[in-house]
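Architecture and fold: a report
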Amino acid sequence: MTRVAVLKGGRSLERQVSLKSGARVQDALERLGHDVVGIDVGHDLVARLRDAVPDVAFVALHGRDGEDGTVQELLEALGVRYTGSGVSACIRCADKVLAKHHMRDAQIPTPDFFAFTETAFKQLGAADALPAIEQRLRFPIVVKPAGQGSALGIKFAATPADVPGALVAAFSYGDKVLLERHVRGRDLAVSVLAGEALPVVEAIPREEDFYDFEARYEIGRTDFVCPAQVADEVAERAQELALAVWEVLGCAGFARVDLMLEESTGELTVLEVNAIPGLTETSLLPQAADAAGIAFDELIERIVALAPAVA
Ligand SMILES: Nc1ncnc2c1ncn2[C@@H]1O[C@H](COP(=O)(O)OP(=O)(O)O)[C@@H](O)[C@H]1O
Ligand SMILES: [Mg+2]
């Protein structure tokens, strides 16, 4: 029997999703016979970890603090074994701009982009560069905060007049914003477990013109198809790209890579990597694992077993 601390909740905008992921993980760990303690991550995290003395921490946090290396750094400092990627991979994945630079340098296709901090606009007149950017990326342009998840703050700007508002909205989530070429096509995701790609999932929104935050978490508003109905070569290529990104960003344990399959060209591009993808009833990784014959409890057991020993 292992004593597992499940870290969940926290102060990120994805708190509610994390609470669901965490509760589901806790149930699975209890069924598996482990000694489980749930910790809603807050000011007393270090004290609670010291009290709990876990053999391993299952990090079921999403977004800020939990997925960006902050909590991982604390766990390292306390010498607590933990699930998923290490500090540096979390930092690279949590910052979409940094991740895209790594991809571009490694020749992994990712939609063309430019990124700016708020300082560039306030101190360097970056707004004057917008026409040049718009010409290169063409409309519609996707504007998104570099450090957010769950489609929060993402806007599609259809004309130059839409860009300033989209930038302001994105800057309300953080000080770095990404302007990205819009890819018209299908939303695919490849989850990776222990360096092996799981079957491709396609997310098909029912009503919204894009796969938005609400659609993602309200059961029944997005259809998930797994394995995705795509040609074998497309599925293989998506898996190959996912593994390439996993390697480049230095992920460990598990992760989910989000891709677009462009309608007009059939080209696959990588949007981002989620270091701690959702583990709720409607989340993609559990669905992909299931399609690969790995039931939820087994998935959780494997993620725990994959946590590296502490130095
Ligand atoms: N460049 C893009 N072209 C077309 N759709 C996009 C683009 N970027 C994001 N989207 C849509 O928004 C969703 C969320 O974007 P993503 O970059 O994965 O951020 P996150 O999931 O962290 O919010 C994608 O799954 C896709 O549906
Ligand atoms: Mg995504």
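Since we're looking at a predicted model, the values are computed, not measured.

Here the magnesium ion (ligand 2) is held by Asp258 (OD) and Glu272 (OE), and the distances to it run 1.9 to 2.0 Å. Here Glu272 lies in strand E13 (residues 268-274) and Asp258 lies in strand E12 (residues 254-262), a separation of 14 residues in the sequence. Look at Asp258 and you get buried, because its relative accessible area is 10%. Judged by relative accessible area, Glu272 falls into the buried class, the value being 13%.

Here the focus is unusual backbone geometry. The omega torsion of the bond from Phe139 to Pro140 falls at -5°, within 30 degrees of zero and hence cis. Along the chain, Pro140 falls in the loop between helix H7 (130-137) and strand E5 (141-145). For the bond from Cys226 to Pro227, the omega torsion is -5°, close enough to zero to count as cis. Tracing the backbone shows Pro227 in the loop between strand E11 (222-225) and helix H10 (232-249). At Val53, a position not held by glycine, the phi torsion is positive, near 45°. Inspection of the secondary structure assignment puts Val53 in the loop between helix H2 (45-52) and strand E3 (56-59). Among the residues examined, Val53 registers a relative accessible area of 58% and is labelled exposed.

Taken domain by domain, the protein chain comprises domain 1 (3-83), domain 2 (92-109 + 183-302) and domain 3 (113-181). Taken over C-alpha atoms, the centre of domain 2 sits 24 Å from the centre of domain 3. Taken together, the 17 residues of domain 2 in the interface contact 17 residues of domain 3. Note on domain 2 versus domain 3: buried area summed over both sides is about 1,500 Å², and carbon and sulfur give 57% of it. Put simply, Glu262 and Arg181 hold a salt bridge, and the shortest N to O gap is 3.1 Å. Looking at the side of domain 2 that touches domain 3, the elements with two or more residues in it are helix H5 (96-105) and helix H9 (213-217). For the side of domain 2 that touches domain 3, the element with the most residues is H5, which contributes five residues.

Taken as a whole and assessed by the stated rule, the structure comprises 17 salt bridges. Note that Arg11 is salt-bridged to Asp65, the shortest N-O span being 2.7 Å. Remark: Asp65 occurs in the loop between E3 and helix H3 (70-78) and Arg11 occurs in the loop between strand E1 (3-8) and helix H1 (15-31); sequence separation between them is 54 residues. For Arg11, a relative accessible area of 59% gives the class exposed. By relative accessible area, Asp65 is classed as buried at 18%.

For the structure shown, the criterion picks out two aromatic pairs. With a centroid separation of 5.7 Å and 75° between ring planes, the pair formed by Phe116 and Phe121 is classed as edge-to-face. The same class applies to Phe116 and to Phe121, which are both buried. Judged by centre distance (5.6 Å) and plane angle (75°), the ring pair of Phe121 and Phe171 falls under edge-to-face. Residue Phe121 is found in helix H6 (residues 118-124), and its partner Phe171 is found in helix H8 (residues 163-171); the two are separated by 50 residues along the sequence. Neither Phe121 nor Phe171 differs from the other in exposure class; each is buried. Every member of this aromatic cluster is reached through a ring pair, and the members are Phe116, Phe121 and Phe171.

Read from one edge to the other, the open sheet built from four strands follows the order E4-E7-E5-E6, with strand pairing classed as antiparallel. Among the strands making up the open sheet, the edge pair consists of strand E4 (113-117) and strand E6 (155-157). Direction aside, the axes of adjacent strands within the sheet are offset by 25° on average. Most of the contacts of H8 go to strand E7 (residues 176-181), to which it runs at about 135°, and overall it touches E4, E5, E6 and E7.

So, on to the side chain of Glu272. At 3.3 Å, the side chain of Glu272 forms a polar contact with the side chain of Asn274. Glu272 has contacts with Lys96, Met103, Arg256, Val257 and Asp258, leaving out every residue within four places of it along the chain.

The environment of ligand 1 is formed by 20 residues, the closest being Lys96, Lys144, Ala151, Val183 and Asp187. Contact distances for ligand 1 include 3.0 Å between a nitrogen atom and a side-chain N or O atom of Glu180. Glu272 places a side-chain nitrogen or oxygen 2.9 Å from an oxygen atom of ligand 1. Here ligand 1 loses 98% of its free accessible area of 540 Å² to cover by the protein chains. Looking at side-chain class alone, the shell around ligand 1 contains eight nonpolar, four polar and eight charged residues. Each of domain 2 (92-109 + 183-302) and domain 3 (113-181) accounts for three or more of the residues forming the shell around ligand 1.

Conventions we followed
- Residues numbered from 1 in each chain as written.
- Chains lettered and ligands numbered in written order.
- Predicted model: local features only at pLDDT ≥ 70, side-chain atom pairs only at ≥ 80, totals over all residues.
- Heavy atoms only, no water.
- Donors = N, O, S within 2.8 Å, 3.2 Å for Na, K, Ca; no water.
- Helix = DSSP H or I, 4+ residues; strand = E, 2+ residues; numbered from the N terminus.
- Buried < 20%, exposed > 50% of the residue type's maximum accessible area, 1.4 Å probe, protein only.
- Domains from an automatic or database assignment.
- Contact = heavy atoms within 4.5 Å.
- Buried area = accessible area lost by both parts, 1.4 Å probe.
- Salt bridge = Lys/Arg side-chain N within 4 Å of Asp/Glu carboxyl O.
- Phe/Tyr/Trp six-rings, centres within 6.5 Å; stacked < 30°, edge-to-face > 60°.
- Pairing = 2+ DSSP bridges.
- Axes fitted to C-alpha atoms, helices over the stretch in contact; angles between N-to-C directions.
- Polar contact = N/O pair within 3.5 Å; in protein donor to acceptor, adjacent residues only side chain to side chain.
- Near = heavy atom within 4 Å.
- Areas by Shrake-Rupley, 256 points an atom, 1.4 Å probe, with all protein chains shown as cover.
- Nonpolar A, V, L, I, M, F, W, Y, C, P; charged D, E, K, R; others polar.

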